[in-house]
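Letter by letter, the chains look like this.
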Amino acid sequence: MLLKKFKNSFKDAVHAELVQMKAADDVSNIVRSQIESAFDALKEKIRIETENILGDTQNQLTQLKVELAQND
């Protein structure tokens, strides 16, 4: 009788611990997902800004070449 009670108690304790571990892992996954989303948005913003800067620089260089050609 005592052994059966111990087994049931132990089984319940292990189950509760597994549930708690799963919940903690879910929180980690949610946080990881939010961080990845934030970094992806930041990377996209940086990519767009970099392309804009490169485009502006290319346009300025083209304009300078045209002006130099016109002066010659």
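Here goes a summary of the coordinates provided.

## Description of the overall build of the chain
Step number 1: Along the chain, the regular secondary structure elements total one helix and zero strands.
Step number 2: Seen along its three principal axes, the alpha-carbon backbone of the chain occupies a region of about 105 × 10 × 5 Å.
Step number 3: When each of the 72 residues of the chain is scored for burial, the buried share is 0%.
Step number 4: Surface summary for the chain: the accessible area is close to 6,900 Å², and the carbon and sulfur share equals 62%.

## Observations regarding the environment of Q34
Step number 1: Summarising the element assignment, Q34 is placed in helix 1 (residues 2-71).
Step number 2: Through-space distance from the C-alpha of Q34 to that of E67 is 50 Å; in sequence the pair is 33 residues apart.

## Considerations on the pattern of salt bridges
Step number 1: By the definition in use, this model includes five salt bridges.
Step number 2: With a shortest N-O distance of 3.5 Å, K45 and E49 are connected by a salt bridge. With a gap of four residues between them, K45 and E49 both fall in helix 1, about one helical turn apart.
Step number 3: Residue class for K45 comes out partly exposed when judged on its relative accessible area of 48%.
Step number 4: With relative accessibility at 36%, the residue E49 sits in the partly exposed group.
Step number 5: Between E51 and R47 there is a salt bridge, and its shortest N-O distance comes to 2.7 Å. You can see E51 and its partner R47 sitting in helix 1, four residues apart, about one turn around the helix.
Step number 6: Put simply, E44, R47 and E51 are held in one network by salt bridges that share partners.

What counts and what doesn't
Each chain has its residues counted from 1, running along the sequence as written. It should be noted that, the model being predicted, local features are given only for residues of pLDDT at least 70 and side-chain atom pairs only at 80 or more, the latter also being counted only at that level, while totals for whole chains, interfaces and linings use all residues. Hydrogens and waters are ignored; side-chain quantities use all the structure's heavy atoms. What counts as a helix is a DSSP run of H or I of at least four residues, what counts as a strand is a run of E of at least two, and both are numbered from the N terminus. The buried label goes to any residue with under 20% of its type's maximum accessible area, the exposed label to any with over 50%, and the partly exposed label to all in between, with areas taken from a 1.4 Å probe on protein chains only. Computed by Shrake-Rupley with a 1.4 Å probe, the accessible areas treat only the displayed protein chains as cover when residues are assessed. Every case where a carboxyl oxygen of Asp or Glu lies within 4 Å of a side-chain nitrogen of Lys or Arg is listed as a salt bridge.

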